[in-house]
Amino acid sequence: MGALPAHLYAQEVPSQQKINLLSELITLALKKMQNENGSFCYIPGSNQYLVGASALVLYALSSSGLPEDDPVIRKGADFLDKAVSTSTYEEGLVLCALGKINPGKYGNLISWQGKDGGWGYGMPITRSDESCSQYAVLGLSAAAEAGLDIPGKVLEDAKKYYLKQQHSNGSWGYVGTEGTLSMTCAGLASLTLLGEKP
């Protein structure tokens, strides 16, 4: 396998003032999108991906500097505290969001880990894949950063999974496919979060 293609184009580097203004505008727009129950819709008028979309927006808002006592943050955190995650993607994002706001549990991720150290879409696991696994690692990393104790075996098995999935040219693909830039970024980021020095 050859090197991964990467097209990089020169772009204007925005000023900090422009970044701050855009951040404020996006924060205002996101806050207006909150539903009465504290959730955020991925698709307006649909409940599809409600937990994952809500967690992602809440994580973005809290990362932007919105204080924990902001009514939108509180309402969103209350929604996520009561919500039931049904997929690894959702569970990982919920941990990222609540780790900044209200750390308390790491839900199902530990019991959803496959025998190979990776994660699939949820339970029952039919197969692990690198995409789902990256969200699990992100969530567990957020939980650990928030002070929750993650069993060492879970982290070690996840590290072994990622090392085993890496192609001989250093890349990662999606479930045995040829390496891609996005999955290689996911593999490198996951190994870094798991303590592996690149």
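Refer to the structure above for everything that follows.
Quick summary incoming for the structure in this document. (Residues numbered from 1 in each chain as written. Predicted model: local features only at pLDDT ≥ 70, side-chain atom pairs only at ≥ 80, totals over all residues. Heavy atoms only, no water.)

1. Re the packing of aromatic side chains
Summed over all chains, the structure comprises four aromatic pairs. Arranged with centres 4.8 Å apart and planes meeting at 75 degrees, the rings of Tyr 89 and Tyr 135 form a pair that is edge-to-face. Here Tyr 135 lies in helix H6 (residues 130-145) and Tyr 89 lies in helix H4 (residues 88-101), a separation of 46 residues in the sequence. Its relative accessible area of 22% is what places Tyr 89 among the partly exposed residues. (Phe/Tyr/Trp six-rings, centres within 6.5 Å; stacked < 30°, edge-to-face > 60°. Helix = DSSP H or I, 4+ residues; strand = E, 2+ residues; numbered from the N terminus. Buried < 20%, exposed > 50% of the residue type's maximum accessible area, 1.4 Å probe, protein only.)

2. Notes on the nonpolar core
Grouped together as the largest cluster of nonpolar side chains are 19 residues, with contacts concentrated most on Ala 55, Leu 58, Leu 61, Ile 73, Leu 80 and Val 94. Elements represented by at least two residues in this core include exactly helix H2 (50-63), helix H3 (71-82) and H4. Ranked by residue count, the leading element in this core is H2, at six residues. Excluding residues within four positions of it along the chain, Leu 61 makes contact with Thr 27, Leu 30, Lys 31, Phe 40, Leu 66, Val 72 and Ile 73. Grouped together as the second largest cluster of nonpolar side chains are 18 residues, Trp 119, Ala 136, Ile 150 and Tyr 161 included. (Core = buried A, V, L, I, M, F, W, Y, C linked by side-chain atoms within 4.5 Å. Contact = heavy atoms within 4.5 Å.)

3. Considering the environment of Ser 64
Checked against the element boundaries, Ser 64 lands in the loop between H2 and H3. You can call Ser 64 partly exposed: its relative accessible area is 33%. Considering only alpha carbons, one finds Ser 64 and Ile 26, 38 residues apart in sequence, at a separation of 9.6 Å. One polar contact links the side chain of Ser 64 to the main-chain carbonyl oxygen of Leu 61, over a distance of 2.7 Å. (Polar contact = N/O pair within 3.5 Å; in protein donor to acceptor, adjacent residues only side chain to side chain.)

4. Concerning the state of the cysteines
According to the stated counting rule, one finds zero disulfides in the structure shown. Its sulfur unpaired, Cys 132 is 14 Å from the next cysteine sulfur, which belongs to Cys 96. (Disulfide = S-S within 2.5 Å.)

5. A few points about the packing of H2 against H4
At a minimum axis separation of 8 Å, H2 and H4 run at an interaxial angle of 30 degrees. Comparing the axis directions of H2 and H4 gives the class roughly parallel. Between H2 and H4 lies a crossing of left-handed hand. Taken together, the residues of H4 that come into contact with H2 (itself represented by Val 51, Gly 52, Ala 55, Leu 56, Leu 58, Tyr 59, Ser 62 and Ser 63) are Glu 90, Leu 93, Val 94, Cys 96, Ala 97, Lys 100 and Ile 101. (Axes fitted to C-alpha atoms, helices over the stretch in contact; angles between N-to-C directions. Parallel < 35°, antiparallel > 145°, perpendicular 65-115°, else oblique. Left-handed = near helix turned anticlockwise from the far one by under 90°.)

6. A few points about a nonpolar patch on the surface
On the surface, Leu 21, Leu 22, Leu 25, Ile 26 and Leu 28 cluster together to form a nonpolar patch covering roughly 480 Å² of accessible area. Mapped onto the secondary structure, Leu 22 falls in helix H1 (residues 16-32). Classification of Leu 22 by relative accessible area gives partly exposed; the value is 43%. (Patch = residues over 30% accessible without salt bridge, like charges linked within 9 Å, V, L, I, M, F, W, Y side chains within 5 Å. Areas by Shrake-Rupley, 256 points an atom, 1.4 Å probe, with all protein chains shown as cover. Salt bridge = Lys/Arg side-chain N within 4 Å of Asp/Glu carboxyl O.)

7. Side note on the side chain of Lys 159
Following the sequence through the fold, Lys 159 ends up in helix H7 (residues 152-165). Given the relative accessible area of 15%, Lys 159 is considered buried. In this structure, Lys 159 is in contact with Leu 191, Leu 194, Gly 195 and Glu 196, ignoring residues within four places of it in sequence.

8. Regarding helix H8 (residues 181-193)
Between its first and last C-alpha, H8 extends 18 Å over 13 residues, near the 18 Å set by a 1.5 Å rise per residue. Inspection of H8 places Met 183, Thr 184, Ala 186, Gly 187, Ser 190 and Leu 191 among the buried residues, and these make up the whole buried set. Summarising the axial view, the buried residues of H8 lie within an arc of 155 degrees, below the 170-degree limit, and thus occupy one face. Note on H8: the residue one or two positions beyond its end, Gly 195, has a positive phi of about 95 degrees. (Expected span 1.5 Å × (residues − 1). Arc of directions from axis to C-beta.)

9. Some remarks on H7
In an α-helix, one turn spans 3.6 residues; hence positions three or four apart end up facing the same way. For H7, built from 14 residues, the straight-helix expectation of 20 Å at 1.5 Å per residue is met to within 8% by its first-to-last C-alpha distance of 20 Å. Taken as a whole, H7 has its buried residues at Val 154, Asp 157, Ala 158, Lys 159, Tyr 161 and Tyr 162. The inward-facing, buried residues of H7 contact helix H5 (109-112), H6 and H8.

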